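Residue-level listing of the chains:
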Amino acid sequence: MASIPAGTLYRGKVGMWSWVLHRITGVGIFFFLLVHVLDTALVRISPEAYNVVIESYKTPIIGISELGLVGAIIFHGLNGLRVIAVDFWSKGTKYQSLMFWAVIVITVGIVAGFAPLHLARVFGE
Amino acid sequence: MAVIIETPNSPRTRKQANWEKYGWLFMRVSGPLLIVLIFTHLVANLVVGDGIKAIDFAFVAGKWADPFWQVWDFAMLWLAMIHGTNGMRTIVNDYVAKESLRKGLVTTLWAVGGLLVVLGSLVIFTFDPCPAGAAAELLPSFCPAS
């Protein structure tokens, strides 16, 4: 039976996709961190200046984006633990795929639990 | 400038301090610490009480009146900024082939990171929770009435 040519595209499976997601979430969190240090620095200007800017964090669009930010942080943190396990644990490479799916399940679970609570506050009175 | 990659399995021959190794180790030491610092930060600010709705000047002032949260946020600021800047440096090193541009971007990253760490540290430790002349309703309840 003739086998289907595999082609030349690199297929790294979950190891590759976890690496891609780790980079994208890392860059996203980094730029949020820059903004977050600056907006928090406004407490040193005046209470009014800080309150005006922090109010924007409670608007619907940014409120929904915060779920993405929280999800990115949880994924990046847990996947970082997976990377450490792959580096330092003798069975790390054997279980790297299972650990990736565990990271995804825990991340989705926490965001799903947090979302109703957070959105009720953003969209509530 | 051509980049020379040493044979991967040969021992390191350069005698200088191995900064890449320290950077690699730093990511793995600061990572777990940041999980504790940031997850607690998220629970304290977005989950308990009224979450995002409760965050205003009085909320921040109430936290930073306690040295515990000052030290907590100070550690979080430094570790997160160095961790993030070093991660960005890794990405720049991976994708920017032109050496002068790569050097410029890495220098910019550390300059911006250094500036924000100094700014943030000053804000945390020179912060006055009861600034003179501010409207009392914007301040935490423990501020003396002016």
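Residues numbered from 1 in each chain as written. Chains lettered and ligands numbered in written order. Predicted model: local features only at pLDDT ≥ 70, side-chain atom pairs only at ≥ 80, totals over all residues. Heavy atoms only, no water.

### Brief notes about the pattern of salt bridges
All names here are of chain B. Counted according to the given criterion, the structure contains six salt bridges over all chains. Note that R89 is salt-bridged to E20, the shortest N-O span being 2.9 Å. Within this pair, whereas R89 is found in helix α3 (residues 67–95), its partner E20 is found in helix α1 (residues 19–47), the two being separated by 69 residues in sequence. The class of R89 is buried, set by a relative accessible area of 13%. Across the pair E99 and R102 runs a salt bridge whose closest N-O atoms are separated by 3.0 Å. Highlighted residues: E99 and R102, both in helix α4 (residues 99–126), separated by three residues, approximately one helical turn. (Salt bridge = Lys/Arg side-chain N within 4 Å of Asp/Glu carboxyl O. Helix = DSSP H or I, 4+ residues; strand = E, 2+ residues; numbered from the N terminus. Buried < 20%, exposed > 50% of the residue type's maximum accessible area, 1.4 Å probe, protein only.)

### As for the side chain of R121 of chain A
Turning to its location among the elements, R121 of chain A is positioned in helix α4 (residues 96–123). Within the buried core, R121 of chain A has no salt-bridge partner, and the shortest N-O distance to an opposite charge, that of D50 of chain B, equals 5.4 Å. A distance of 2.9 Å separates the side chain of R121 of chain A from the backbone oxygen of G49 of chain B, its partner in a polar contact. Among all residues touching R121 of chain A, those that are not within four sequence positions of it are L46, V47, V48, G49, D50, G51, I52 and K53 of chain B. (Lys, Arg positive; Asp, Glu negative; His and termini not counted. Polar contact = N/O pair within 3.5 Å; in protein donor to acceptor, adjacent residues only side chain to side chain. Contact = heavy atoms within 4.5 Å.)

### Side note on the state of the cysteines
By definition, a disulfide is the covalent link that joins the sulfur atoms of two cysteine residues. Residues and elements named next belong to chain B. Per the counting criterion, the structure on display carries one disulfide over all chains. Covalently, C130 is tied to C143 through a disulfide, its sulfur atoms 2.0 Å apart. The S-S bond linking C130 to C143 shows a torsion near -85°; that makes this disulfide left-handed. With C130 in the segment after α4 and C143 in the segment after α4, this residue pair connects regions lying 13 residues apart in the sequence. Residue class for C130 comes out partly exposed when judged on its relative accessible area of 22%. Its relative accessible area of 14% is what places C143 among the buried residues. (Disulfide = S-S within 2.5 Å.)

### Let's talk about the interface of chain B and chain A
Between chain B and chain A, the residue contacts involve 45 residues of the former and 38 residues of the latter. Regarding the contact of chain B and chain A, the summed buried area is about 3,400 Å², with carbon and sulfur atoms giving 76% of it. Among the residues chain B hides against chain A, the three largest losses belong to I52, K53 and F57 of chain B. Together they make up 18% of the total. Counting across the interface, chain B meets chain A through two salt bridges. R28 of chain B is the salt-bridge partner of D87 of chain A, the closest N and O atoms lying 2.5 Å from each other. Linking chain B with chain A are ten residue pairs in polar contact (both at pLDDT 80 or more). Every element with two or more residues in the side of chain B that touches chain A is listed here: α1, α2 (57–64), α3 and α4 of chain B. If you tally residues by element for the side of chain B that touches chain A, the top one is α3 of chain B, at eleven residues. Considering only residue class, the side of chain B that touches chain A consists of 31 nonpolar, nine polar and five charged. (Buried area = accessible area lost by both parts, 1.4 Å probe. Nonpolar A, V, L, I, M, F, W, Y, C, P; charged D, E, K, R; others polar.)

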